[in-house]
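Notes for the structure review
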Amino acid sequence: MTTPLDALVAALRDAASYNAAAEAPPVAVVWCDANNDFLPLIPALRERLPELLTYGDFDLTTRTGPAVWIRAATVGAIERVNWPEDATPIIYLPGIARDTLKGAEDCPHLLQPLVWYTVAGSLFGHVNGKDWTLRGFLSAERGPLKLNFAEDAATREALSHAALKFCTRPVEELKGKRWDADQLNTLLAPDLAADMLDWIDGALSETADAGRFAAFANIAEKELKFDPRKLSRQDAIKRLAKREGRWAEIWSRFAASTGYSAVVGYLELEEPASLFDHSENRGAYPRLNAQAETKLRDELEKLADLSPEDGCQRIEALEMEHGWRRDTVWAKRGRAPLAQALACLAIVAKGKSLPSHDGAALAEAYAAEGAAIDWAAMSALAAAPRELDRLAVTAALHTIYLPWLEESAISLQELVRTGKVKLASANSSKPTDTTILFVDGLRMDLARELVVLLEKEGVTAKLGWAWSGFPTVTATCKPLVSPAASMLSGPSTTTDVLPVSSDGKPATKPILYKLMQAEGWETDTAMLPDGKLWAETGRFDEEGHALGSRLADRLLAGIRDVVDRILQLARSGRSIRVVTDHGWLLMPGGLPSAALDVGLVEPNGKRTRCALVKPKAHTSYLQVPWTWNDEVSIATATGARSFYAGYEYAHGGISPQECVVPVLDVAGSRVRQDISIVRAAWEGLRLRVEVRGGGDLHVDLRLGAETSGPTLIKGGRVLDEKGRTSFLVSDEHEREPACLVVLDDDGRVLAQSILTVGGE
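Residues numbered from 1 in each chain as written. Predicted model: local features only at pLDDT ≥ 70, side-chain atom pairs only at ≥ 80, totals over all residues. Heavy atoms only, no water.

1. Focus on helix α16 (residues 286–302)
Compared with the 24 Å implied by 1.5 Å per residue over 17 residues, the 25 Å span of α16 between its first and last C-alpha is a close match. For α16, the full list of buried residues reads P286, L288, N289, A292, E293, L296, R297, E299 and L300. (Helix = DSSP H or I, 4+ residues; strand = E, 2+ residues; numbered from the N terminus. Expected span 1.5 Å × (residues − 1). Buried < 20%, exposed > 50% of the residue type's maximum accessible area, 1.4 Å probe, protein only.)

Written out as structure tokens, the structure is:
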């Protein structure tokens, strides 16, 4: 498509034409530009016209120099300045009129070497003998383009700023309308909101980009009644914070971003001017948000002095007061961590007691609802990474979460004591599953989040539950869920609660692996796609012991790692059973302590919730037989207590968190390979598409840059078995943006790519 710049190139070269029968060829084309109208176009013209020379201070890279240098260049005397043999040099003279050059006696001394070219060369200009102005070249009836411009001074100024933008657009788009200052300014500064934010942020200035700044200033003055040439950035901030009229659009753009640090700095200097501003626009002021965070921190710390009932009521009141801040720009920018944590604390505060009359009812209620309380507590901690904020969240959790943990643990302990719950015991049956993925320390709340992430990947996981063994430690419970369980037994005495193999070797990881391999199980990796496989992933228990309450910061990343491992196995066609050994308790600041009675031995230093009972010893704590040998008694700390003080993370005892363990079944047949668009090529208005892993999926082309735009191909297309298809698109939207989407059978977007209809 032809542009005004193309027309200018053609006109300049046409100026060198001559009648060979009657004239000598011109030695050069002389282009006078008294008002510097064409100066913004010169860099683009230099790329198109190697024969273009510019009068000015010497700069070899731009082929610019004084008159004497230009004389030498036109005759080929400058080694590094050359052009095609059939081209005639073009001499551009910015700021100089042809009358100045023609008046030899009055011509400035430095220009005199170029006077000769007015005789031996050809002058570029209007047929009336005058130099072209940019507006004249674009609009003259006897010119090449005949475009329509308003004749006021503002339009001439706007054209000078928008010259390059205007002259590189297709002529077909420019014809048929009357161009005025507003339209030209919009070409150079089409996005007022972005320009205003860039100006406040310091990215747009008159010094850096005079043309764009001038266009922006003119638009801002007209549409916002704000002139950045006269008013300050802080003046703009006052209007931005109030969000009146079109300033609301600019605020929305700011709120959707995470940048503009200087804008934030200016906003930090502002406060609402009245109580009305405080109520209507309170979310605009970071100072108010910071004050609210400080107040909330103080209120959460005070919860340490309240009863659980009063604490829950206070959390509800604080949520009413501060919840709105989660929808502000400051929350999105991470400046309202306590407001974010408060949403999670409110869930904890509403937690219901678990059924205490029946073990299955308790476990079902915990898996369905109670685990969400645990996750909310972990999320509250993760939302407050700063120590100052975490101490406030810790105070709240000790008041509203710890009593719920204590009550739930005591309920389950009583059911175990009365025989209404039997924890898992060793059995001789062998697993029927062929792929088992063991995740160390996968508590029920983590498993629920794991299911959510798997569903986002298009995987359906069936979540169930089972009772753990006892004590709830890896040494006892991991062998119990392994394929080697039937080959293990418990000795009559133990110091480490590890079962042993038939030859008396403790069931450490190497021994477990040898036993499984003897039964035909491969470990970690499988040579055959249908072979029996035991794989392991997850470090929740390891990191819990190392990090304490900081484990909350790592949970999401750890769950994503488990998702990756499941997808890897499922994509090989395997159906997977996900198992774990035990759960855990976590209380920032430390679980309450329980005295270690005489006659109790806490095994191996890390099992702070259980203790071995010496023969004939007496204890007030609940005693439960060891899973692997009923003759070995193990005591459990009452409620949510720990036999050692100061432990934030602990397990080994009896509580829903430790004993109700998740079991997930994942089918591999529904999992696809990673979907990605590897080719989207236009051949005219036909688009050829190739999608890796896209066999039998659907594709659609939707108008605009959003995935939800109107379709350009009715009914979409189905990719063939190689993930390929092609289709024609109407020319109605040629050169407009469109979004190519890959969809599954349920219409879910799996991949996308932004294109231009017909190509660039």
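Now that the structure has been shown, the text picks up again.
2. Some details on a nonpolar patch on the surface
Together, L596, Y644 and Y647 make up an exposed nonpolar region whose accessible area comes to about 240 Å². Residue classification places Y647 among the partly exposed positions, given a relative accessible area of 31%. (Patch = residues over 30% accessible without salt bridge, like charges linked within 9 Å, V, L, I, M, F, W, Y side chains within 5 Å. Areas by Shrake-Rupley, 256 points an atom, 1.4 Å probe, with all protein chains shown as cover. Salt bridge = Lys/Arg side-chain N within 4 Å of Asp/Glu carboxyl O.)

3. Observations regarding unusual backbone geometry
Here F470 and P471 are connected by a cis peptide whose omega angle stands at 0 degrees. Relative to the elements of secondary structure, P471 occurs in the loop between β9 (461–467) and α24 (474–481). A positive phi angle, close to 55 degrees, is found at R63, a residue other than glycine. Phi at R735 takes a positive value of approximately 75 degrees, unusual for a residue other than glycine. In this structure, R735 sits in the loop between β24 (724–728) and β25 (737–743).

4. Observations concerning the pairing of strand β19 (residues 660–666)
With six of its seven residues buried, β19 lies for the most part within the structure. Bridging between β9 and β19 involves seven bridges; their strand directions are antiparallel. In the sheet register, W465 faces β19, and the bridge partner there is P662. Relative to β19, strand β12 (residues 576–579) is paired through three bridges, and the arrangement is antiparallel. (Pairing = 2+ DSSP bridges.)

5. Re the sheet that holds β9
Two pairing modes exist for strands in a sheet, parallel and antiparallel, and in both the strands are linked by backbone hydrogen bonds. Pairing is mixed in the open sheet, where six strands are placed in the order β9-β19-β12-β8-β11-β10. Pairing within the sheet leaves two strands with one partner each, and these edge strands are β9 and β10 (522–523). Its contacts with the sheet place α24 against β8 (435–439), β11 (533–537) and β12, and it is angled at close to 145 degrees to β11. (Contact = heavy atoms within 4.5 Å. Axes fitted to C-alpha atoms, helices over the stretch in contact; angles between N-to-C directions.)

6. Topic: a negative patch on the surface
Judged by side-chain charge, D696, D720, E721, D745 and D746 come together as a negatively charged surface patch. Secondary-structure assignment places D745 in the loop between β25 and β26 (749–756). (Lys, Arg positive; Asp, Glu negative; His and termini not counted. Charge placed at Lys NZ, Arg CZ, Asp CG, Glu CD.)

7. Some points on the packing of helix α19 (residues 337–349) against helix α20 (residues 359–382)
One can describe the packing of α19 onto α20 by two numbers: an axis separation of 8 Å at closest approach and a directional angle of 155 degrees. For the element pair α19 / α20, the angle class is roughly antiparallel. Crossing of α19 against α20: the hand is left-handed. Contacts between α19 and α20 involve A341, C344, L345, I347 and V348 from the former and A372, I373, A376, A377, S379 and A380 from the latter. Partitioned by chemical class, the residues of the contact of α19 with α20 number ten nonpolar, one polar and no charged. (Parallel < 35°, antiparallel > 145°, perpendicular 65-115°, else oblique. Left-handed = near helix turned anticlockwise from the far one by under 90°. Nonpolar A, V, L, I, M, F, W, Y, C, P; charged D, E, K, R; others polar.)

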